[in-house]
Amino acid sequence: MSRQPESFLGTPATAPGPLGPQMLTSMGAIRKDPLAYLDRVWREHGDIAQFPIPRPPSYLVNSPAGVRHVLVDNARNYGKSTIQYRALSLVTGEGLLTSDGDTWRTQRRVMQPAFHHSALEAVGDHVARAASRVAGQWRAYPQGTVIDVDAFMMGAALEVVAAALMSTDLTGQSGEIAAATLDALDVVVARARVPITPPAWLPTPANRVLKRSVARLDAAVTTMVEARRDEPGEDLLGLLLSMQDESGRSLSVEQIRDQLVTFIVAGHETVASALGWAWGLLAEHPELGDKVAAEADRVAPGRPIGFGDYSELTYSKWVVEETLRLYPPAWLITRSTKQADVIDGVDVPAGSLIIMSPWLLHRHPELWSNAESFDPDRFSGDIPRFAHIPFGAGPRLCIGRDFSYVEATMLIAELGRQFRVRFPDGERLPDGDPLVTIRPRGGMPVLVSPR
Ligand code: HEM
C-alpha cells in the first residue's frame, strides 16, 4: 500500500493514491490505455484510491460494498453532475441518462412502461427479424470470407432499438437520427480524450460537426414527431408524445429529441459492443459455441427462436453475462457527492467525483476465480452481490437491462446455432479500446461458416 499524501493543493487527501508528479508522468499512459491505468492504481493503492486532483477531489471505488453504498444505499447523495455525463449531455441534452433529481424521477416513471415485461415480447419479434436478416447476409458470403461481425452487430442493434422504441424501420427518419447521433458521439469521445477542450461555442471543426449533427437531429425528430402526433401509439415515442408535465403541457420537440437520442446512445452501441465481444470470445472457444448451438437446437428444434424461448436459453444467457463481465460496455460509472460522506470507511468531501469501473470490479481476484478467463458456467453458481454490475445498480439501474438480455441472448442463440465462428490463423481477440463503450480495436474480423 502506498503512503497517503497529506493534501493536494489545499484539498485534504483521505485515501491512498498516486502522487501528483506520478500522475503527471502517467498522462500519456492514461490517454493511451485508461483501463490499464485504472488497474495499476487499484493494484498499487487498493479498493479505494484518491487521484491527486484538487478539484474535484476524485476517488476510484472498487469494492462491492463501496459500489453498493454509492449506487444503492445512499444513492440520493450522489448525482450525475460529472465530467462524463456533462460531455454526454452535449448530445443527449436532458434525457433520462443524464438528468437528475425530480426531473429524472418524473421521466423514469413515464418511460418505465415501454420496458415492462409485456413490451419485451415485441422486442423479441424485432430481434428475430434482425437475426434472420443477418443470417441471410452471412450465408451469402463465399466460404472462408473473413467478416467483421462487430459491424453486423452494430447494424442489428440499431435496427432493434429503432424498431422497438420508435416503431420505425431504418428507411425512415430513425436512420437519419441514428447517423447524426453517432457523428455527434464521435465528437464527444474526442473531447473526453483531450484534457483541455475548446468551449462548444467556438467554431472548431469538431464543434461544427457537433452543431451540424444536432441540427440534423432536430430536423429528423421534428418530422417524425409531426407524423406521429395524431396517433401516438404505445412505444416509447408514443409515451413521450402523450406525456404531460405537472402543468399539463406536452413535451416540446427538443425534450422528445433529447429522450430519443438518449435511447439511441444508451441502447445501440452498448448492446452491439457486447455482441461483438461475445462472438470474439466464442471464436476463441469453439467448444462453447457448440454448447450454444446444442441448447438452441434443443429449445427450438427446426424453427426460429422466438421470445417464448428466451427463458429456456440458459447457457446462451450465461455467455452474455460472462461477456458483460469481461467486456462491460459501460466501463465507467461516475457520480458526484452532494454532501460529505463516508464510503467504505473513507471520508469523502462534498463535490467529489466518484469513479466506479465495472471493467475493474469484474476482474477483482477476490470476487472472481480465474478472473481473466472466459467461463460462462460460472454463472450457474452464486455470484457475490454487487460484483457484477454491467447495468449499474440501484434506482439508476439501466432501464434497458431486460431488453438487452433478451436481444443479446436471442441473437447469440439463433446465429450461434446456424454458424460456427473462428479466428483466421494467427489472429486472436483484439485489444479493447475504451471509448463511449469498450470497442474491439480494428473490429472483430472472424471466419463465419454455416453449421
Ligand atoms: C448491454 C447493453 C447495455 C449496457 C451494458 C448498459 C449499461 C447501462 C448502465 C451501466 C447504466 C447506468 C449508468 C449509471 O448508473 O451511471 C445504464 C443506464 C441507462 N440505460 Fe443502459 N445499458 C445497455 C443497454 C441499454 C438499452 C438497450 C437501453 C434502451 C433501449 C438502455 C437505456 C438506458 C437508459 C435510458 C439509462 C438511464 C436510466 C436512468 O438513469 O434512469 N440501455 N445503462
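Here the structure is a predicted model, which means the values were calculated and not measured. (Residues numbered from 1 in each chain as written. Predicted model: local features only at pLDDT ≥ 70, side-chain atom pairs only at ≥ 80, totals over all residues. Heavy atoms only, no water.)

Trainee: Which residues make up the sheet that holds strand β14 (residues 445-450), and what are the values?
Mentor: In spatial order, the strands read β6-β14-β11; together these three strands make up an open sheet with antiparallel pairing. Either end of the sheet is taken by a strand with one partner, and the two such strands are β6 (146-148) and β11 (419-422). Here the average twist between neighbouring strands, direction ignored, is 45°. Where helix α7 (residues 117-140) meets the sheet, it contacts β6, β11 and β14, and its direction lies at approximately 65° from that of β11. (Pairing = 2+ DSSP bridges. Helix = DSSP H or I, 4+ residues; strand = E, 2+ residues; numbered from the N terminus. Axes fitted to C-alpha atoms, helices over the stretch in contact; angles between N-to-C directions. Contact = heavy atoms within 4.5 Å.)

Trainee: Which residues make up the environment of Pro434, and what are the values?
Mentor: Inspection of the secondary structure puts Pro434 in strand β12 (residues 432-434). What makes Pro434 buried here is its relative accessible area of 3%. When the C-alpha positions of Pro434 and Met243 are compared, they lie 36 Å apart, and in sequence the two are 191 residues distant. (Buried < 20%, exposed > 50% of the residue type's maximum accessible area, 1.4 Å probe, protein only.)

Trainee: Kindly report on the packing of aromatic side chains, identifying the contributing residues and their values.
Mentor: For the structure shown, the criterion picks out twelve aromatic pairs. Residues Trp277 and Tyr327 carry aromatic rings whose centres are separated by 3.8 Å and whose planes lie at 5° to one another, so their mutual orientation is stacked. Within this pair, whereas Trp277 is found in helix α13 (residues 269-284), its partner Tyr327 is found in the loop between α15 (314-326) and β7 (333-337), the two being separated by 50 residues in sequence. Judged by its relative accessible area of 13%, Tyr327 is buried. A connected cluster of aromatic rings, assembled from ring pairs, spans Trp138, Tyr141, Phe152, Trp279 and Phe419. A cation sits over an aromatic face here: Lys317 above Tyr405, 4.6 Å from the ring centre. If you follow Arg325 out to its NZ or CZ, it ends over the ring of Trp368, 5.2 Å from the centre. (Phe/Tyr/Trp six-rings, centres within 6.5 Å; stacked < 30°, edge-to-face > 60°. Lys NZ or Arg CZ within 6 Å of the ring centre and 35° of its normal.)

Trainee: Tell me what's going on with the coordination of the iron atom of the ligand, and back it up with residues and numbers.
Mentor: Looking at the protein side alone, the iron atom of the ligand has one donor only, Cys398 (SG), at 2.3 Å. Inspection of the secondary structure puts Cys398 in the loop between α16 (358-361) and α17 (401-418). (Donors = N, O, S within 2.8 Å, 3.2 Å for Na, K, Ca; no water.)

Trainee: Quick one: what's the story with the site of the ligand, residue by residue and with numbers?
Mentor: Near the ligand there are 28 residues, and of these Tyr85, Trp104, Arg108, Arg335 and Cys398 occur at the shortest range. Between an oxygen atom of the ligand and a side-chain N or O atom of Tyr85, the distance comes to 2.4 Å. The contact in question runs from an oxygen atom of the ligand to an N or O atom on the side chain of Trp104, over 2.7 Å. Put simply, the parts of the chain that give the shell around the ligand at least two residues each are α6 (101-111), α8 (149-166), α12 (253-267), α13, β7 and α17. Considering each element in turn, the shell around the ligand owes the most residues, three residues, to α12. Per-class residue counts for the shell around the ligand are 19 nonpolar, five polar and four charged. (Near = heavy atom within 4 Å. Polar contact = N/O pair within 3.5 Å; in protein donor to acceptor, adjacent residues only side chain to side chain. Nonpolar A, V, L, I, M, F, W, Y, C, P; charged D, E, K, R; others polar.)

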